[in-house]
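# Structure at a glance
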Amino acid sequence: MFPTPLEKRPPSARITYQTFLPLALIMWLLPLIAVAVFSIKPGADFTNANYWGMPSSFDFFENYGQVFFNSDMPRYLLNSFLITVPTVIGAVALSAMAGFALGVYKFKANIWIFFMFVAGNFVPFQILMVPVRDLTLDLGLYNTKTGLVLFHIAFQTGFCTLFMRNFIKALPYELIEAARVEGISEIRIFWYVVLPLMKPALAALAVLIFTFIWNDYFWAVVLTQGPESQPVTAGITAFNSQFRAMYHLMSAGSIVAALPPVAMFFLMQKHFIAGLTLGAVK
Amino acid sequence: MTTAALPNNSIPDRSFWQRNQQTWAPWLFLAPAILFFAFYVIFPVFQSFNLSLYEWDGLGEAEYIGLRNYEDLYYEFIDRDAFYTSLKNNIIWLVMYLLAIPAGLFIALFLNQTVTGIRLYKSLFFFPFVISQVVVGLVFTWFYDPAFGILNVVLGWVGLGPVNILGNEYTVTYGIILAGLWPQTAYCMILYLTGLNAVNPEQIEAGRLDGAKGWRMLWHVVLPQLKPATFIAFVVTIIGALRSFDLISIMTGGGPFGSSRVLAYYMFEVALSEYGFRMGYGAAIAVVLFAIMMVFICYFLWSMYREERR
């Protein structure tokens, strides 16, 4: 193990480390802690310039109540879910099939199609912006959740296929050959042999894509406007102009908007990290 | 072939599909993904290239003007200083953002211990990456706020400040980059933590026997084994730097006086904001950004291709 484990160091080193660790964490999360503190302060503290003193009262329920019952925030949150969940299902389904095709079959165009997905995944959003917006307008899907979902599925398929293909390539190929010898059709091999083995990859991708799409801001601004279809990332700017300079409410709103992916991360930590770090180890 | 004579193999002559499924199955599985991807990603790239040769307001007739959009960019006929400021800021982003890699490695080395609760610490250090950039942007805007930001409170303790980082055209880009480095460092950290987990302990022991310690051990024994993690960290950091948009849009809107624009933001401004719907001109900016990214994309693909061949 590197660096040298603490057990092999003098006790003084261990004590220094264990006192320094929480301090470092507090420093690291300081901006977030500040927002969390803001979100439970009463509005009066800000007008009295009591920014960093003790909160004059504990207003957790008042502030978050305002966010949930007196703004469009629930609407935006619902939109975010209605955009994120179908995208996750669509992108994972498409890329499971594409990854299977690229990971199992040997044909000439294989590597080029794979590279097309990889390269497309790295393209700057701006070069897609005007044509995708036009396409969405032409389809009559501008300012709808469907329009946003269709684009997200297409774009995320690039990354997901890269992921799935590498995962399937690492599976034992003998399994597939054995199934073929038994005379099982290719479609059944996909469904009954490969798909059950892919469960960890499916879970990892689902969590990752959930976070990516929930946090998307650019396409939400380009393809939607107004509370009827905007997700929470875009909605929060409207929320902030509704509560201009009311920092306690803006803080509470930000925390609510950030919470679902955070919850997802803590619940599915193992899968999340497995997904992010795929390829970081030989 | 007298398969029909066999009692239990009940398929007398195999259908077209059964004979050819090995050839056709991959295309069947690929079809939906390729269709979606071509429609929404591949064609639009070419459409943008084409559009950059036109003048178009998004509604009326598009007028072919050849390379004039690029000329306008090169000589900055339309927006004085906008293009080169954006380009310069893109380079600053690219260079500064790479600091996330050593910073992530440093934190990973710091956390690579076994004490009680270390798992929770690792998750909490990773936390900023999970939060949307919009919220990160808001959080840092308040962090920098000249009236009540915690930064100025801390500076006040040591008798400095107050400073208005986001209001000063010389510091604004660095202020935004620092906000971006926060989640990006967390990402690099998790890559290195995973990498460190897989470092071969025998090599470390061998290094120790040879008297390698500290920096020399890190440089000669550990880092070579972390190469795959470093490669991914480079890819995601470079792409992230060139994609920077959310933070700029939330924190400054390109200001003050356009001094924190980058190409990605400038393009959006030209094509879709109050600056008017100059789609062709915007497409030309996007093509320039695409060209810069293509250099890196080609390098990444080439590295992957070498790996595949091995």
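Residues numbered from 1 in each chain as written. Chains lettered and ligands numbered in written order. Predicted model: local features only at pLDDT ≥ 70, side-chain atom pairs only at ≥ 80, totals over all residues. Heavy atoms only, no water.

## Looking at the overall build of chain A
- Scanning chain A for helices and strands turns up 15 helices and zero strands.
- Rg of the C-alpha trace for chain A: 24 Å, well past the compact-globule value of 19 Å for 282 residues, more than 25% over.
- Across its three principal axes, chain A shows a C-alpha extent of roughly 75 × 65 × 30 Å.
- Here chain A holds 282 residues, and 57% of them are scored as buried. (Helix = DSSP H or I, 4+ residues; strand = E, 2+ residues; numbered from the N terminus. Rg over C-alpha atoms; globule rule 2.2 N^0.38 Å. Buried < 20%, exposed > 50% of the residue type's maximum accessible area, 1.4 Å probe, protein only.)

## Considerations on unusual backbone geometry
- At the junction of B:Gly255 and B:Pro256, the peptide bond is cis and its omega measures out at -10° in the coordinates.
- Phi angles above zero are rare outside glycine, and A:Asn143 is one such case at about 60°.
- Its location among the elements puts A:Asn143 in the loop between α7 (126-138) and α8 (145-169).
- With a relative accessible area of 18%, A:Asn143 lands in the buried category.
- Phi at B:Phe257 takes a positive value of approximately 55°, unusual for a residue other than glycine.
- By the secondary structure assignment, B:Phe257 is in the loop between α12 (246-251) and α13 (263-272).

## So, the environment of A:Pro131
- Residue placement: A:Pro131 occurs in helix α7.
- In this structure, the C-alpha to C-alpha distance between A:Pro131 and A:Ala220, residues 89 residues apart in sequence, is 15 Å.
- Residues contacting A:Pro131, with those up to four places away along its chain left out, are B:Pro44, B:Gln47 and B:Ser48. (Contact = heavy atoms within 4.5 Å.)

## Quick notes on the environment of B:Leu51
- Tracing the chain through its elements places B:Leu51 in helix α1 (residues 16-51).
- Between the alpha carbons of B:Leu51 and B:Gly282 there is a distance of 9.1 Å; along the sequence they are 231 residues apart.
- Residue contacts for B:Leu51: discarding those within four places in its chain leaves A:Val130, B:Trp56, B:Met279, B:Gly280 and B:Ala283.

## Side note on the side chain of A:Thr277
- Note on placement: A:Thr277 falls in the segment after α15 (269-276).
- We classify A:Thr277 as buried; its relative accessible area is 7%.
- A polar side-chain atom of A:Thr277 sits 2.6 Å from the main-chain carbonyl oxygen of A:Ile273.
- Look past the residues within four positions of A:Thr277 in its chain and what remains in contact with it is B:Ile190, B:Leu191 and B:Thr194. (Polar contact = N/O pair within 3.5 Å; in protein donor to acceptor, adjacent residues only side chain to side chain.)

## Some thoughts on the interface of chain B and chain A
- Between chain B and chain A, the contact holds 107 residues from the first and 103 residues from the second.
- In this assembly, chain B packs against chain A so that about 9600 Å² is buried in total across both faces, 78% of it on carbon and sulfur atoms.
- At the junction of chain B and chain A, the tally comes to one salt bridge.
- Put simply, B:Glu308 and A:Arg165 hold a salt bridge, and the shortest N to O gap is 3.0 Å.
- The interface formed by chain B and chain A holds 19 residue pairs in polar contact (both at pLDDT 80 or more) in total.
- Here the side of chain B that touches chain A takes 24 residues from α1(B), the largest share from any one element.
- In terms of residue class, the side of chain B that touches chain A is built from 83 nonpolar, 16 polar and eight charged. (Buried area = accessible area lost by both parts, 1.4 Å probe. Salt bridge = Lys/Arg side-chain N within 4 Å of Asp/Glu carboxyl O. Nonpolar A, V, L, I, M, F, W, Y, C, P; charged D, E, K, R; others polar.)

## Things to note about the nonpolar core
- Counting 208 residues, the largest nonpolar core has A:Phe100, A:Leu128, A:Met129, A:Trp219, B:Phe126, B:Met189 and B:Val222 as its most contacted members.
- Examining the composition of this core, we find that 15 residues originate from one element, helix α8 (residues 172-197) of chain B, more than from any other.
- When residues are assigned to domains, this core turns out to be shared by domain 1 (6-68) and domain 2 (71-276) of chain A, each giving three or more. (Core = buried A, V, L, I, M, F, W, Y, C linked by side-chain atoms within 4.5 Å. Domains from an automatic or database assignment.)

## Notes on the confidence of the model for chain A
- For chain A, the mean per-residue pLDDT works out to 90, and 100% of the residues sit at or above 70.
- Across chain A, the element-wise mean pLDDT spans from 83 in helix α3 (residues 43-47) of chain A up to 95 in helix α5 (residues 73-104) of chain A. (pLDDT = per-residue confidence, 0-100.)

## A word on the UniProt feature "transmembrane region" (unreviewed entry) in chain A
Residues and elements named next belong to chain A.
- The feature "transmembrane region" (unreviewed entry), as given by UniProt, occupies residues 20-40, 81-104, 111-129, 149-168, 189-214 and 245-267 in the numbering adopted here.
- Regarding residues 149-168, the helix share stands at 100% and the strand share at 0%, and the terminal C-alpha atoms are separated by 26 Å.
- This span, residues 189-214, is 96% helix and 0% strand, and a straight line between its end C-alpha atoms measures 33 Å. (UniProt positions renumbered as here; feature names shortened; annotations may be inferred.)

## Details of the pattern of salt bridges
- In this structure the tally under the stated criterion is six salt bridges over all chains.
- Ionic pairing is found between A:Asp45 and A:Lys41, a salt bridge with its closest N-O pair at 3.8 Å.
- The residue B:Glu269 makes a salt bridge to B:Arg261 at a minimum N-O spacing of 2.7 Å. The burial state of B:Glu269 is the same as that of B:Arg261; both residues are buried.

## Focus on the side chain of B:Thr237
- Take B:Thr237: it is sitting in helix α11 (residues 227-243).
- In this structure the side chain of B:Thr237 is engaged in a polar contact, spanning 2.6 Å, whose partner is the backbone oxygen of B:Ala233.

## Observations concerning the UniProt feature "transmembrane region" (unreviewed entry) in chain B
All names here are of chain B.
- UniProt's feature table lists "transmembrane region" (unreviewed entry) at residues 24-46, 91-112, 124-144, 150-167, 174-193, 217-240, 247-268 and 280-302, given in the numbering used throughout.
- End C-alpha atoms of residues 91-112 are separated by 33 Å, and the span's content is 86% helix alongside 0% strand.
- Spanning residues 124-144, this segment combines 71% helix with 0% strand, and its end C-alpha atoms are found 23 Å apart.

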